[in-house]
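Residue-level structure breakdown
Listed below, chain by chain, are the residues.
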Amino acid sequence: MDEHTLDYKENDVLQEFEMLTMNAKAAQEHILKKILEKNKGTEYLSKFMNGSTDISAYSSQVPVVAYDCVHPYIMRIASGEQSSILCGERIVELLRSSGTSRGEPRLMPSISEDLDRRTFLYSLLMPIMKKYMRGLGKGKAMYLLFVKAEALTTSGIPVRSVLTSYYKSPHFLHRKHDLYNSYTSPDEVILCPDSRQSMYCQLLCGLVERQHVLRLGAVFASAFLRSISFLEQHWCDLVNDIRIGQLNSSITNSVCRSATQGFIAMPNPELADELEVICSSGSWKGILGRLWPNAKYIEAVLTGTMAQYIPMLEFYTGGGIPLVCTMYASSESYFGVNLRPLCSPTDVSYTILPNMAYFEFIPLMNGLKLTDHEEMVENEKLVSLVDVKVGYYYELVVTTFSGLYRYRVGDVLQVTGFYNHAPQFKFICRRNVILSVDSDKTNEEDLHNSITHAKKILENRNYLLLEYTSCTDTSTVPGHYVLFWEIKSTNEDTTTCALLDPQLFEGCCIAVEESLDYVYRRCRAHDKSVGPLEIRLVQAGAFDALMDLLVSQGSSINQYKTPRCIESGLALKLLNSKVIACFFSPGILHGLCKRYCDCSSLQAHLLRCHSSTSFVWLCHYEVL
Ligand code: AMP
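Every value quoted in this text rests on a predicted model; they were computed, and no experiment measured them.

The next thing to look at is the overall build of the protein chain. Looking only at helices and strands, one finds 24 helices and 22 strands in the protein chain. Looking at the protein chain as a whole, 57% of its 624 residues are labelled buried. In the protein chain, the share of contacts with a sequence separation of at least 24, taken over all contacts with a separation of at least 6, comes to 70%. Entry remark: accessible area of the protein chain is about 24,900 Å², with carbon and sulfur atoms responsible for 53%.

Here we come to the pairing of strand β19 (residues 463-473). Within β19, ten of the eleven residues are buried, leaving the element largely enclosed by the surrounding structure. Where β19 folds back on strand β20 (residues 480-489), the antiparallel hairpin that results is connected by six residues.

This part covers the side chain of Ser-110. Mapping Ser-110 onto the fold places it in strand β2 (residues 104-110). A residue is classified by how much of its surface remains accessible, and Ser-110, at 0% relative accessible area, is buried. Within polar-contact distance, the side chain of Ser-110 engages the side chain of Asp-114 at 3.2 Å. Ignoring anything within four residues of it in the chain, the contact list for Ser-110 reads Arg-90, Ile-91, Val-92, Glu-93, Leu-95, Arg-118 and Ser-402.

On to the nonpolar core. With 166 residues, the main nonpolar core has Leu-288, Trp-292 and Phe-359 as its most contacted residues. At eleven residues, the largest contribution of residues to this core is made by helix α11 (residues 221-244). Non-local contacts of Leu-288, meaning those with residues more than four positions away in its chain, are made with Leu-216, Phe-224, Ile-228, Ile-298, Tyr-316, Thr-317 and Ile-321. Leu-458, Trp-485, Leu-504 and Cys-523 belong to the second largest nonpolar core, which has 31 residues in total.

Quick look at the sheet that holds strand β14 (residues 393-399) now. Paired through backbone hydrogen bonds, the strands of a sheet run either parallel or antiparallel to each other. Ordered by their spatial adjacency, eight strands build an open sheet running β9-β10-β11-β16-β15-β14-β12-β13, and the pairing between neighbours is antiparallel. For this open sheet the edge positions go to β9 (327-329) and β13 (383-384), each flanked by a neighbour on one side alone. As paired strands, strand β11 (residues 350-352) and strand β16 (residues 422-430) are joined by two bridges and run antiparallel to one another. Across the sheet, Thr-351 pairs through a bridge with Gln-424, a residue of β16. Of the strands in this sheet, β12 (358-363), β14 and β16 touch helix α2 (residues 24-39), which is tilted by about 110° from β12.

Now for the site of the ligand. Taken together, 17 residues surround the ligand, and among them Ser-98, Thr-303, Met-327, Ser-331 and Asp-411 come closest. A distance of 2.9 Å separates an oxygen atom of the ligand from a polar atom in the side chain of Ser-331. Interatomic distance of 3.2 Å between a side-chain N/O atom of Lys-561 and an oxygen atom of the ligand. Alone, the ligand offers 500 Å² of accessible surface; in the complex the protein occludes 95% of this. Those elements giving two or more residues to the shell around the ligand turn out to be β1 (93-101), β9, β15 (407-419) and β16. The leading source of residues in the shell around the ligand is β9, at three residues.

Buried residues dominate strand β6 (residues 213-220), accounting for seven of its eight residues. Examined bridge by bridge, strand β3 (residues 140-144) and β6 share five bridges and lie parallel to one another. In the sheet register, Tyr-143 faces β6, and the bridge partner there is Gly-217. Alignment of β6 against strand β7 (residues 297-301), held across four bridges, turns out to be parallel. Along β7, the bridge assignment pairs Phe-220 with Val-301.

Moving on: α11. With 24 residues, α11 should cover 34 Å at 1.5 Å per step; its first-to-last C-alpha distance of 32 Å lies within 8% of that length. Bending of α11 peaks at approximately 70° at the position of His-234. Where burial is concerned, most of α11 is hidden: 17 out of the 24 residues are buried. Positive backbone phi, approximately 70°, marks Gly-245, located one or two places after α11.

Turning to the sheet that holds β3, a few remarks are in order. Taken together, four strands build an open sheet; the order of strands is β3-β6-β7-β8 and the sheet is parallel. Taken across any chain shown, the strands that pair with only one partner, and hence form the sheet edges, are β3 and β8 (323-324). Where helix α10 (residues 195-208) meets the sheet, it contacts β3 and β6, and its direction lies at approximately 160° from that of β3.

The subject of this paragraph is the environment of Lys-148. Following the sequence through the fold, Lys-148 ends up in the loop between β3 and β4 (151-152). In the structure, Lys-148 is positioned 47 residues away from Ser-195 in sequence and 7.7 Å away in space, judged by C-alpha atoms. The residues touching Lys-148, leaving out its near neighbours within four places in the chain, are Arg-96, Thr-164, Val-551, Gly-554, Ser-555 and Ser-556. Within the structure, Lys-148 has its side chain in polar contact with the backbone oxygen of Val-551 (distance 2.7 Å).

What follows concerns unusual backbone geometry. Even without being glycine, Asn-50 reaches a positive phi, approximately 50°. With respect to the helices and strands, Asn-50 occurs in the loop between α3 (43-49) and α4 (55-61). One non-glycine residue, Asn-462, lies in the positive phi region at around 65°. Structurally, the position occupied by Asn-462 is in the loop between α16 (444-460) and β19. Here Asn-462 falls in the partly exposed class, since its relative accessible area comes to 38%.

In this section: the packing of α11 against helix α15 (residues 310-317). Direction vectors running N to C along α11 and α15 enclose 45°, while the axes themselves pass 11 Å from each other. Accordingly, the angle class assigned to the pair α11 and α15 is oblique. When the axes of α11 and α15 are compared, the crossing they make is left-handed. Here Ala-221, Phe-224, Leu-225, Ile-228 and Glu-232 of α11 come into contact with α15, specifically with Met-312, Leu-313 and Tyr-316. Here the residues of the contact of α11 with α15 are counted per class, giving seven nonpolar, no polar and one charged.

On average, residues of the protein chain score 86 in pLDDT, and 88% of them reach the 70 mark or higher. For residues 588-624, every residue scores under 50 in pLDDT, and the model assigns this stretch 59 contacts once sequence neighbours within four places are set aside.

As a further point, take the state of the cysteines. One pass over the structure, following the stated rule, counts zero disulfides. No disulfide involves Cys-205; its sulfur sits 6.5 Å from that of Cys-201, the nearest cysteine. You can call Cys-205 buried: its relative accessible area is 0%.

A few words now on helix α19 (residues 518-525). Within α19, the full set of buried residues consists of Tyr-520, Cys-523 and Arg-524. Considered in projection along α19, the buried side chains sweep an arc of 100° and stay on one side of the axis.

What counts, and where the lines are drawn
- Residues numbered from 1 in each chain as written.
- Predicted model: local features only at pLDDT ≥ 70, side-chain atom pairs only at ≥ 80, totals over all residues.
- Heavy atoms only, no water.
- Helix = DSSP H or I, 4+ residues; strand = E, 2+ residues; numbered from the N terminus.
- Buried < 20%, exposed > 50% of the residue type's maximum accessible area, 1.4 Å probe, protein only.
- Contact = heavy atoms within 4.5 Å.
- Areas by Shrake-Rupley, 256 points an atom, 1.4 Å probe, with all protein chains shown as cover.
- Pairing = 2+ DSSP bridges.
- Polar contact = N/O pair within 3.5 Å; in protein donor to acceptor, adjacent residues only side chain to side chain.
- Core = buried A, V, L, I, M, F, W, Y, C linked by side-chain atoms within 4.5 Å.
- Axes fitted to C-alpha atoms, helices over the stretch in contact; angles between N-to-C directions.
- Near = heavy atom within 4 Å.
- Expected span 1.5 Å × (residues − 1).
- Bend = angle between axes of the 7 residues up to and from the residue.
- Parallel < 35°, antiparallel > 145°, perpendicular 65-115°, else oblique.
- Left-handed = near helix turned anticlockwise from the far one by under 90°.
- Nonpolar A, V, L, I, M, F, W, Y, C, P; charged D, E, K, R; others polar.
- pLDDT = per-residue confidence, 0-100.
- Disulfide = S-S within 2.5 Å.
- Arc of directions from axis to C-beta.

Right, here's the structure in full:
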């Protein structure tokens, strides 16, 4: 096949996309009609619609809900009741999303035809990419893809992640004929449930095929970077395997082993020497281009909270390989595609596909804080897909074929424009308050923005903020915000010890506090109801260890997103055990102290509360 001419299938899919976006309103009405037809007899819908399939009755009578309203139905189905209480079709699997409810993963219902919808979205990605880049069919993709072990409910329904479901489906496994889906990782390795062994073998295959690799990637940037950091730790073993033609004995999964062994059937000392020179020659800045010299781009989600990984990826690419975000999706439904894949990750907008689900939007009039997630939303407030307005912020609500009705996904989006009649959205954040000590309410975006502000101070001193999370520490009175930071020097000869400059981090604490909202600052400076913000620096690898812990507790490595707030005992304990230094905001503390506090009691208090961490920087207290 000549890859410069679109083949029939690609033309079909692009034409269908044109049709759908041109007729977005009709497509959405058609979708809702079909959903109501199929699901009108369910216990859930009957409660509100009494068997009707009238669209306006749906809009006025069916309430907008969060997960807690769906949860009892999911649990009933999980324990053996008919799918028909929620959905007209049989629920064939429950998809474990990265969101949690009361500490438990959320389970989303899924029916077999959902796979076709997901596949439709995937099938658009390469035809779109091909409009901007040539020659992509002449090589391979090193995409680091992982599955997660699945469980069965008592009634025998598989519980798994949406990506595990897709990678195990014939839709993924039978894609071999597709010119653009030639991956370096064998299916058996992708399907290996042990993510460490899978990562090792996928990297090995990618290294062996390094000259043929045209695309690198993972689903989320966090998993890609995690794999590169794994490579940084294990390249000696990988190179040794290639040199002697024998797979490391730590790979014990027999299917994974035999699929990978074929890649290194013969000793290859030349390739091993090349790789050794590249990996051992000092800085890893720009290493990706040296290891995979023909890579044309790196694909991963880099929007939303993933945006913080852009500097680190740019470090590994040396700025020489474009970063591409292609799609926006979730376990509830897939949503949209980026029609300008080569734009900067900070400018990415996703065009919603009107055939994925029925979409509605809660307008967020006063910025992002209009409604709390728990608050009731009046039905008439909702805006339909084609009626959203450019520049405005909305919270996404979906109605799916598989039993979610006016369900709040929890994502906040901003409209940036339209493609034909389908709106395009910038992903802003997940709608959730993550830190709150008093009347202050800091959501993920507030925190992200204030940290973005502060990390410029680090970057000016040649340090990158690799990862962060937060918690509220209410063991102090008043309680205060704690940020866990893992940082890395971009200056090769700077050691970690040299990083511990109190002034630098105190400056960062102040910058974060100054960027937080009015209520926070009022609580800090006036009401004295929030204590000085603290940054706890953690040792290198602490966030990898956190990921390992959370993956071992059931998170999927593919869908893993570093939680921006840690509440659980074990995760918090782990991070606290990795702390190498603590710093408090002195500026506001100083002002606060002069105006409102008894210095000596606050000093004693801080010492008491933080004596358990590995280091306490007493110098902070001198500013008191
Ligand atoms: P999950 O339910 O685990 O599949 O995660 C889905 C969530 O991941 C979405 O609701 C978003 O919050 C986030 N997400 C998925 N795709 C993107 C994207 N392209 N950009 C930003 N966030 C995303």
